[in-house]
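Listed here are the chains, written in short residue letters.
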Amino acid sequence: MRTVKIVTAAVLMTTALYGCSPKSEAQTPPAPAVTVAVPLVREVQDWDEFTGRFVATNAVDVRARVGGYVQSVHFRDGDFVRRGQLLFTLDPRPAQAGLAAARAQLAQAQAQLNLARTELTRAETLLTSQAVSQAEVDTRRGAVQQGEASVAAANAAVRARQLDLEFTRVTAPIAGRVSDRRVDPGNLVGGGSSGADVLTTIMSSSPIHFVFDGSEAVLLKYQRQARQGAAPVQIRLQDESTFTRNGTLDFTDNAVDTASGVIRLRAIIPNGDGFLKPGMFGQARLAGAGTYQAMLVPDAAIATDQARRIVYVVAADGSVAPRPVQLGPLVDGLRVVRSGLRPTDRVIINGVQRIQAPGMKVQAKTGRIQPVATEQTAPVTSAAPASTATFANSLSGD
């Protein structure tokens with residue numbers, strides 16, 4: 001009985017060893033499959049993005065220069081008006097009466113001057129025959145000078161009253177889009193001061209300004225680049241996915257705001273169709289200095305190693321090595337790699353999650369990096385500048 005048990009145990013052990021050996025070899029995991037590609041090398045243009053608001057190049061609150069009753073309105077609300085176009089007419093009769101009175105005072109002063117000159121001439125004649133004294137002649141000469149001053153004052157009063165009559169016709173000081181009328185005919189309005197009643201407003205429409213704030217870091221970057229000429233700017237509205245409107249940076253403020261650390265910048269944008277309205281929000285991107293050759297990889301190829309950004313590179317023997325990289329902006333779905341890669345490196349672009357440790361072997365399949373068209377459909381709400389880039393041969397943002 002004891003012999004049978006020993007034989008049975010030996011058979012079972014032999015069977016177990018025989019079955020385990022092939023199974024352990026089969027359980028060795030194969031090298032994971034990944035897709036690799038060399039970085040895409042293209043010429044790109046960097047852009048800094050900002051959020052801002054459209055502002056009219058010229059805006060005027062239309063006020064009367066004299067007070068009076070509004071007699072008539074000569075425009076329709078929302079019209080485009082030309083410079084000098086008649087907008088309002090005030091009752092001209094008070095101004096006409098004032099002008100008539102000023103002209104009468106001028107005639108009176110002129111008559112007094114003529115009399116003074118005649119008396120001076122008579123006194124000078126009598127002086128030669130010692131019929132009058134020198135003092136009498138000086139008195140007559142002073143009367144002439146006083147009369148000349150009175151005529152000059154009367155002429156000035158006539159010109160002032162002429163202006164009052166002219167100002168009863170309120171004209172457009174600039175060309176642009178007029179708002180609605182703020183007063184109707186029959187109302188009495190004040191005029192002649194900054195506190196006078198606003199009759200309407202006019203805002204120029206073409207071109208139009210785009211005003212935004214830039215950080216001190218952005219200002220320093222562009223100043224150090226020492227760029228010459230106007231910098232190109234591209235604009236998109238909050239319901240647009242691409243930057244379709246082009247302009248140029250035409251103004252940078254003379255000081256950085258010490259409270260916020262930003263500086264005000266302004267671009268000028270063509271607006272021939274009048275579609276852009278003052279007060280609209282928009283997103284602008286300001287082109288960096290020149291173009292440069294850049295290496296690009298998909299964002300999915302970038303991994304994080306604590307505080308570092310890395311990509312995995314596959315050697316000729318199939319081993320994986322991490323490469324710390326310095327990253328730049330996105331270009332059509334691809335990330336600019338500023339440093340850390342060579343153009344010939346085979347970067348893992350698919351299967352990064354399968355990498356468990358540096359030095360492991362992988363089965364590399366050759367792929368290709370291609371730009372991915374992306375639509376920027378997020379609403380324009382943030383004022384913080386961002387950094388993006390475009391390919392140098394597609395600066396329109398498409």
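Before reading further, recall that the structure is shown in the block above.
Residues numbered from 1 in each chain as written. Predicted model: local features only at pLDDT ≥ 70, side-chain atom pairs only at ≥ 80, totals over all residues. Heavy atoms only, no water.

J.: Help me out: how do you make sense of the overall build of the protein in this one?
T.: Across its full length, the protein carries four helices and 23 strands. Counting contacts in the protein only where the partners sit at least 6 residues apart, residues at least 24 apart contribute 77% of the total. Total accessible area on the protein is roughly 23000 Å²; 53% of this is exposed by carbon and sulfur atoms. (Helix = DSSP H or I, 4+ residues; strand = E, 2+ residues; numbered from the N terminus. Contact = heavy atoms within 4.5 Å. Areas by Shrake-Rupley, 256 points an atom, 1.4 Å probe, with all protein chains shown as cover.)

J.: Can you walk me through unusual backbone geometry in this structure?
T.: For residues other than glycine, phi is negative in most cases, and the peptide bonds are mostly trans. The peptide bond linking Ser-206 to Pro-207 adopts the cis configuration, its omega dihedral lying at -5°. Here Pro-207 shows up in the loop between strand E10 (198-203) and strand E11 (208-215).

J.: Is there a simple way to explain the packing of helix H2 (residues 93-128) against helix H3 (residues 134-166) in this structure?
T.: Helix packing geometry: the angle between the two helix axes and the distance between the axes. One way to put it is that H2 packs onto H3 with a least axis distance of 8 Å and a crossing angle of 165°. Classified by the angle their axes make, H2 and H3 are roughly antiparallel. As H2 runs across H3, the sense of the crossing is left-handed. Tallied by class, the residues present in the contact of H2 with H3 amount to 18 nonpolar, nine polar and nine charged. (Axes fitted to C-alpha atoms, helices over the stretch in contact; angles between N-to-C directions. Parallel < 35°, antiparallel > 145°, perpendicular 65-115°, else oblique. Left-handed = near helix turned anticlockwise from the far one by under 90°. Nonpolar A, V, L, I, M, F, W, Y, C, P; charged D, E, K, R; others polar.)

J.: Please explain helix H4 (residues 216-224) as it appears in this structure.
T.: Three or four residues apart is the spacing at which side chains of an α-helix point the same way, because the helix has 3.6 residues per turn. If you check which residues of H4 are buried, you get Val-218, Leu-219 and Tyr-222. Each buried residue of H4 lies within a common arc of 100° when the element is viewed along its axis, so the set occupies one face. Facing away from the buried side of H4 by more than 90 degrees, the exposed set consists of Ala-217 and Arg-224. (Buried < 20%, exposed > 50% of the residue type's maximum accessible area, 1.4 Å probe, protein only. Arc of directions from axis to C-beta.)

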